[in-house]
Amino acid sequence: MTNPGNLPDEDALALKEIRAVCPELDAVTQHVRDFATMLRDLTGNELPAWMERVEHDDLPALHSLVNGLRRDQDAVIAGLSSSWSSGQVEGQNTRAKRIKRDGYGRANFDLLRTRILQRS
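Computed from a predicted structure; not experimentally measured.

Observations concerning the overall build of the chain
Counting its secondary structure elements, the chain contains 7 helices and 0 strands. The secondary structure elements of the chain, listed N-terminal to C-terminal, are α-α-α-α-α-α-α. What you see for the chain is a C-alpha radius of gyration of 21 Å, clearly larger than the 14 Å of a compact globule of 120 residues, by over 25%. For the chain, the spread of C-alpha atoms along the principal axes amounts to about 60 × 40 × 25 Å. In the structure as shown, the chain presents an accessible area of about 9200 Å², 55% of it carried by carbon and sulfur atoms. Where the 16 positive side-chain charges of the chain centre and where its 18 negative ones centre are 15 Å apart.

Section: the side chain of R19
Counting through the fold element by element, R19 comes out in helix α1 (residues 9–21). Apart from residues lying up to four places away in sequence, R19 is in contact with D26, T29, Q30 and R33.

Re the packing of aromatic side chains
The full count for this structure, using the stated rule, is 1 aromatic pair. Geometrically, the ring pair formed by F35 and W50 is tilted, given 5.0 Å between the ring centres and 50° between the ring planes. Of this pair, F35 sits in helix α2 (residues 23–41) while W50 is found in helix α3 (residues 47–55), placing the two residues 15 residues apart along the sequence.

Some thoughts on the pattern of salt bridges
One pass over the structure, following the stated rule, counts 6 salt bridges. In this structure, the salt-bridge partner of E52 is R70, at a minimum N-O distance of 3.7 Å. Highlighted residues: E52 in helix α3 and R70 in helix α4 (residues 60–71), separated in sequence by 18 residues. One salt-bridge network, held together by shared partners, links E52, E55 and R70.

Things to note about unusual backbone geometry
Residues other than glycine seldom take positive phi values, yet L42 does so here, at roughly 55°. Along the polypeptide, L42 turns up in the loop between α2 and α3.

Looking at the nonpolar core
Among soluble globular proteins, nonpolar side chains are generally buried collectively. Core analysis: the largest hydrophobic core is formed by 12 residues, namely A27, M38, L47, W50, M51, V54, L59, L62, V66, L69, V76 and L80. Of all the secondary structure elements, the ones that give two or more residues to this core are α2, α3, α4 and α5 (73–81). It is α3 that contributes the most residues to this core, 4 residues altogether. Those residues in contact with L59, other than ones at most four positions away along the chain, are E24, A27, V28 and H31.

Observations regarding the packing of α1 against α2
In the contact formed by α1 and α2, the axes pass within 5 Å of each other and the chain directions differ by 120°. Classified by the angle their axes make, α1 and α2 are oblique. Only P23, L25, D26, T29, Q30 and R33 of α2 make contact with α1, whose side of the interface consists of L15, I18, R19 and V21. Looking at the contact of α1 with α2 residue by residue, the classes come out as 5 nonpolar, 2 polar and 3 charged.

Reading the values: the criteria
- Residues numbered from 1 in each chain as written.
- Predicted model: local features only at pLDDT ≥ 70, side-chain atom pairs only at ≥ 80, totals over all residues.
- Heavy atoms only, no water.
- Helix = DSSP H or I, 4+ residues; strand = E, 2+ residues; numbered from the N terminus.
- Rg over C-alpha atoms; globule rule 2.2 N^0.38 Å.
- Areas by Shrake-Rupley, 256 points an atom, 1.4 Å probe, with all protein chains shown as cover.
- Lys, Arg positive; Asp, Glu negative; His and termini not counted.
- Charge placed at Lys NZ, Arg CZ, Asp CG, Glu CD.
- Contact = heavy atoms within 4.5 Å.
- Phe/Tyr/Trp six-rings, centres within 6.5 Å; stacked < 30°, edge-to-face > 60°.
- Salt bridge = Lys/Arg side-chain N within 4 Å of Asp/Glu carboxyl O.
- Core = buried A, V, L, I, M, F, W, Y, C linked by side-chain atoms within 4.5 Å.
- Buried < 20%, exposed > 50% of the residue type's maximum accessible area, 1.4 Å probe, protein only.
- Axes fitted to C-alpha atoms, helices over the stretch in contact; angles between N-to-C directions.
- Parallel < 35°, antiparallel > 145°, perpendicular 65-115°, else oblique.
- Nonpolar A, V, L, I, M, F, W, Y, C, P; charged D, E, K, R; others polar.

Take a look at the structure:
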């Protein structure tokens, strides 16, 4: 899951050996790296070509991913192309859910509201 350039030499060598023995793993690795590049560089316009390359390989798990991406392809391309992120909003939602779980069965809505507003 890390950038291959950041791997220690011994790990990079081990990964290279494993990929040489298993062509399916090598193909998956390349597709995942290409997708990560699209995410990092915000090049969503490359998504249709990436999906075509994935479909040409016999990789059922990635085919399932591609089928899911095709259902809402325009939104996926926009998400891969935009520099805007909903990360801050999602983080606040996660925080509110954690606070709610912490008080489950012991607290009422007034306490939950107070705890959420204290941290805002």
